[in-house]
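Each chain, written out:
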Amino acid sequence: VRVFTTKDEMKLGIDELITATQKGYFTRWEARNSLVDIWNMENQGGRSEALLQESIAEFPENLYSWWSFAKVYMTQKKYTEALSALDFLEGRFKRSKWTGDLAWVECWVWKADCWGHLGEKAKTKEYLEKAQRHPNAKIKAVPRYQELMRDVKNIYSWARVPMTD
């Protein structure tokens, strides 16, 4: 699958991704994921949701699809639905010996974001504190962890949740 970056080539790129989802064997998942992200950025969440439903029907345990569901729902301000997807992920994390610590932290930050938008300060704070208290010190040097901690501070601020010392 080629990557297109200019606006003039975007339609052609999307057409090629659609073809890859239909005819590709090894590229089908990557093409779907790319289309979901593109359509989500273009505020075409309905198209993203439909493609994700296809993915889940074919491979219900695909964690990337569940992450994408949460992201699409959050973009559409469907926070209750996003929380359902994140709950599903948390359940799979508990059963998986492969889930990394950063995935837990990201999930908790996203949950805090959703609860904050729903006006549930106690739940927001609960998940912000979980994210901050994660015991694995090794992940603190990872750039994505540092980004998530900036997100935590921002959520405390806009959700008007008092920080714990």
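Look up: the structure comes first, before these words.
Points about the pattern of salt bridges
Taken as a whole and assessed by the stated rule, the structure comprises 10 salt bridges. We note a salt bridge from Lys123 to Glu126, for which the minimum N-O separation is 3.7 Å. Of the two residues, Lys123 and Glu126 are both situated in helix α7 (residues 121-132); the distance of 3 residues between them amounts to about one turn of the helix. With a relative accessible area of 32%, Lys123 lands in the partly exposed category. With a shortest N-O distance of 3.7 Å, Glu129 and Arg133 are connected by a salt bridge.

Thoughts on the side chain of Asn40
When you line up the elements, Asn40 lands in helix α2 (residues 28-41). The contact partners of Asn40, leaving out residues within four places of it in the chain, are Ser48, Lys71, Val72 and Thr75.

Let's talk about helix α8 (residues 143-158)
Between its first and last C-alpha atoms α8 spans 23 Å; for 16 residues at 1.5 Å apiece the expected length is 22 Å, and the two agree. Tyr145, Leu148, Met149, Val152, Ile155 and Tyr156 are the residues of α8 that are buried. An end-on view of α8 places all buried positions within 115° of arc, on one side of the element. Pointing more than 90 degrees away from the buried face of α8 are the exposed residues Pro143, Lys153 and Ser157.

Let's talk about the environment of Ser84
Residue placement: Ser84 occurs in helix α5 (residues 79-95). The spatial distance from the C-alpha of Ser84 to the C-alpha of Tyr73 is 9.9 Å, given a sequence separation of 11 residues.

Quick word on the side chain of Glu129
Here Glu129 lies in helix α7. Not counting residues within four places of it along the chain, the set of residues in contact with Glu129 comprises Tyr156 and Thr164.

With respect to the packing of aromatic side chains
Given two aromatic rings, one states the distance between the centres and the angle between the planes to describe the pair. The final tally for this structure, using the stated rule, is 7 aromatic pairs. Ring geometry for Phe93 and Trp104: centres 5.2 Å apart, planes at 65°, overall edge-to-face. Separated by 11 residues along the polypeptide, Phe93 in helix α5 and Trp104 in helix α6 (residues 101-117) bring together distant segments of the chain. For the pair shown, Phe93 and Trp104 are each scored as buried. Three or more aromatic residues joined by ring pairs make a cluster, and in this case those are Trp67, Phe93, Trp104, Trp108 and Trp110.

Definitions and limits used
- Residues numbered from 1 in each chain as written.
- Predicted model: local features only at pLDDT ≥ 70, side-chain atom pairs only at ≥ 80, totals over all residues.
- Heavy atoms only, no water.
- Salt bridge = Lys/Arg side-chain N within 4 Å of Asp/Glu carboxyl O.
- Helix = DSSP H or I, 4+ residues; strand = E, 2+ residues; numbered from the N terminus.
- Buried < 20%, exposed > 50% of the residue type's maximum accessible area, 1.4 Å probe, protein only.
- Contact = heavy atoms within 4.5 Å.
- Expected span 1.5 Å × (residues − 1).
- Arc of directions from axis to C-beta.
- Phe/Tyr/Trp six-rings, centres within 6.5 Å; stacked < 30°, edge-to-face > 60°.

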